[in-house]
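If you want the building blocks of each chain, they are given just below.
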Amino acid sequence: MLPAEHLKKAMRLEDTITNRLDPERDWELFIEGAYGCALHYIAYITGDRHHEHRDTHEGLSRFLGAHGLETIREAFNTLDLLRQGRWYGKKGNGDAVKEAMTCVRRIKGTLDER
């Protein structure tokens, strides 16, 4: 997938989770969607800036750190922990959704950085 296609997909996923899901009722899907959205923003950013990206989350934190993308790395790591704790754990609430979207906004906020 080309970087521009990753950006379109990230934007579509973000629109879907923010406009079609109820964060209190659909928190698992909301966080999973935020995670997918973040992965596509990251693929766009790394593909555009470094002409390479990871197609999976495995090794992504290390990859981001190696490319000096610390803000993105920190946001991704937080989102990854939220996803694991909410999807595979028993916790769930609107606060986790807010934190997940804060991570997505932090990642998205770096789009124009060079």
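Owing to the predicted nature of the structure, the values given are computational and were not obtained by experimental measurement.

Among the nonpolar cores identified, the biggest contains 30 residues, and Leu64, Leu79, Val104 and Ile107 are the most heavily contacted of them. At the level of elements, helix H1 (3–20), helix H2 (27–50), helix H3 (60–66), helix H4 (70–88) and helix H5 (94–108) are the ones that each hand at least two residues to this core. If one sorts the elements of this core by residue count, H2 sits on top with 11 residues. Apart from the residues lying within four places of it in its own chain, the contact partners of valine 104 are Glu14, Ala34, Cys37, Ala38, Tyr41 and Leu79.

Here threonine 46 shows up in helix H2. For threonine 46, a relative accessible area of 1% corresponds to the buried category. In this view, threonine 46 contacts His51, Glu52, His53, Phe63, Leu64 and Leu69; residues no more than four positions away in its chain are not counted.

Summarising the model, the chain shows a mean pLDDT of 89, and 90% of its residues fall at 70 or more. Within the chain, the lowest mean pLDDT, 87, falls on H4, and the highest, 96, falls on H1.

A full pass over the atoms with the stated rule returns five salt bridges. Between arginine 83 and glutamate 32 there is a salt bridge, and its shortest N-O distance comes to 3.0 Å. Within this pair, whereas arginine 83 is found in helix H4, its partner glutamate 32 is found in helix H2, the two being separated by 51 residues in sequence. Under the relative-accessibility criterion, arginine 83 is labelled buried at 13%. A residue is classified by how much of its surface remains accessible, and glutamate 32, at 24% relative accessible area, is partly exposed.

Rules used throughout
- Residues numbered from 1 in each chain as written.
- Predicted model: local features only at pLDDT ≥ 70, side-chain atom pairs only at ≥ 80, totals over all residues.
- Heavy atoms only, no water.
- Core = buried A, V, L, I, M, F, W, Y, C linked by side-chain atoms within 4.5 Å.
- Buried < 20%, exposed > 50% of the residue type's maximum accessible area, 1.4 Å probe, protein only.
- Helix = DSSP H or I, 4+ residues; strand = E, 2+ residues; numbered from the N terminus.
- Contact = heavy atoms within 4.5 Å.
- pLDDT = per-residue confidence, 0-100.
- Salt bridge = Lys/Arg side-chain N within 4 Å of Asp/Glu carboxyl O.

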